[in-house]
Amino acid sequence: MDRPCTDSNRQTLAVAAMPPIKTCVLGVGLSGLAFHVPFILALPDVFELHAVLERNPSSDSGKVKDRFGVDVKIHRSIEDVLADDQIELVVVGTPNATHYDYVKRSLQANKHVLVDKPAVTTAAEARELGELARTKNRVLYAYQNRRWDSDFLSLKRLLKEPASSSAYLGDLFEYESHYDRYRNGLKGTWKDDKLAGAGQLYDLGTHLIDQVVSLFGRPQKVTGFVENVRGLGDPDVDDSFTLVLHYAKTEERKYPIKALLRAHILSVRDPQLRFVVRGTEGSYVKYGLDVQEDQLKAVLSPEDIYSEEYGKEPENIWGEVNHINGEGTVSKIQWPALDRGAYIELFYNLADAIRADAELKVKWDEVTTVLEIIELAHQSSREGRTISLS
């Protein structure tokens, strides 16, 4: 199969020559069936879907067989998974509050781990698991798939434009990123409950913060406004947030940058605002979300991931650049989303890391930083003050 790709990283010859990585997916809800199983099945040269954890199958064949027509072993407990010596990789797609326990036990059983966001619920847990992975010489990878969103890849390409370009933004001083939606009721799932890792900041905020950290690194200060604006459910389970991450100027960064990250649950807008980026010579505004999630929810065959339309952003939601030239004239151009969304690249990098010791595209230290920021944002919101990162 030809694979769509955006990164320079490619599957190594060493990986291609080795047997596929025997994989078990924990959980066959939205996460397992949409974000993990399709890619594992689409990459039979590097992965084999050996088993799933499905505690109470609704049919004898299980959800994977029912949806994709593929026979896989069904384990009913985490103990059965860990006792299965054939499993090399465990994919943790279960509720947030279970991540720490399942990741730790999988590493202790000498298995590699891919874990959904939020990887765990505290920075201390992340540090502990990172050290355990190093001790065990296992790969520990956080599923920060939104680094391969079409809109984010297109923004990264824009930020590399030279000063001679009519799309040049100049020196950045403000970055704004949104995951807004309109939902006036509770979902009726575990995400409504007051559990470890509950709330929008842990859910959507993890993606927004991770993207910023991948662009600008570790901020100096955090200001957080974390709220349950609808007043529904437990008041401690937030449904909206606004964060400001403060980046000081450096030798490479001419101006301080404020990164504003927002997710509001009562935003009436279609399409929703996604990015506003401001620089000394231009600005960029983008509406609409990456299409991969909706496509993956509907996919019935892994072959669909290789279709021409997969990950392709519609032209009507391409972003717009305003650029000012030396004469003070402002021009407007559409910034084309030439970069197709490519979550599949994460799985190739994961395979390369397991089989050929490749560098992780999502480093565990960055995952730990994201969790530090989330914890400090909650503290900032409670105390009504800006807090410095140590």
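Here the structure is shown first, and the text comes after it.
What counts and what doesn't
- Residues numbered from 1 in each chain as written.
- Predicted model: local features only at pLDDT ≥ 70, side-chain atom pairs only at ≥ 80, totals over all residues.
- Heavy atoms only, no water.
- Helix = DSSP H or I, 4+ residues; strand = E, 2+ residues; numbered from the N terminus.
- Rg over C-alpha atoms; globule rule 2.2 N^0.38 Å.
- Buried < 20%, exposed > 50% of the residue type's maximum accessible area, 1.4 Å probe, protein only.
- Contact = heavy atoms within 4.5 Å.
- Areas by Shrake-Rupley, 256 points an atom, 1.4 Å probe, with all protein chains shown as cover.
- Lys, Arg positive; Asp, Glu negative; His and termini not counted.
- Charge placed at Lys NZ, Arg CZ, Asp CG, Glu CD.
- Patch = residues over 30% accessible without salt bridge, like charges linked within 9 Å, V, L, I, M, F, W, Y side chains within 5 Å.
- Salt bridge = Lys/Arg side-chain N within 4 Å of Asp/Glu carboxyl O.

**Student:** Before we go on, may I ask you to explain the overall build of the protein chain in this structure?
**Tutor:** For the protein chain, the helix and strand inventory stands at 11 helices and 15 strands. In terms of C-alpha radius of gyration, the protein chain reaches 21 Å, essentially the compact-globule figure of 21 Å for 390 residues. For the protein chain, the spread of C-alpha atoms along the three principal axes comes to 70 × 50 × 40 Å. Relative to its full complement of 390 residues, the protein chain shows a buried share of 54%. Taking contacts inside the protein chain between residues at least 6 apart in sequence as the whole, the part at least 24 apart equals 73%. Summed over its atoms, the accessible surface of the protein chain is roughly 17000 Å², and 49% of this surface lies on carbon and sulfur atoms. In the protein chain, the 48 positive side-chain charges and the 59 negative ones have mean positions that sit 2 Å from each other.

**Student:** Just checking my understanding: could you explain a nonpolar patch on the surface for this structure?
**Tutor:** Residues Tyr182, Val229, Leu266 and Val268 make up a contiguous nonpolar surface patch of about 370 Å² in total accessible area. Note on placement: Val229 falls in the loop between strand E8 (221-227) and strand E9 (240-247). For Val229, a relative accessible area of 32% translates into the label partly exposed.

**Student:** What's the story with the environment of Leu208 in this structure? I'm lost.
**Tutor:** Take Leu208: it is sitting in helix H8 (residues 200-216). For the pair Leu208 and Arg340, spaced 132 residues apart in the sequence, the C-alpha separation amounts to 19 Å. Among residues more than four places away in sequence, those in contact with Leu208 are Ser177, His178, Tyr179, Phe241, Leu261, Arg262 and Arg274.

**Student:** Just checking my understanding: could you explain unusual backbone geometry for this structure?
**Tutor:** A negative phi holds for most residues other than glycine; trans holds for most peptide bonds. Between Lys117 and the following residue, Pro118, the backbone shows a cis peptide bond with an omega angle of -15°. When you line up the elements, Pro118 lands in the loop between strand E5 (112-116) and helix H6 (123-136). Cis peptide bonds are those with omega within 30 degrees of zero, and the linkage from Asp270 to Pro271 qualifies with 0°. Tracing the sequence through the fold places Pro271 in the loop between strand E10 (257-263) and strand E11 (273-279). Backbone geometry places Asn137, a non-glycine residue, at a positive phi of 55°. Turning to its location among the elements, Asn137 is positioned in the loop between H6 and strand E6 (140-143). Taking relative accessible area as the criterion, Asn137 reaches 61% and is therefore assigned exposed. Non-glycine residue Asp357 carries a positive phi angle of around 60°. Structurally, Asp357 is set in the loop between helix H10 (344-356) and helix H11 (364-383).

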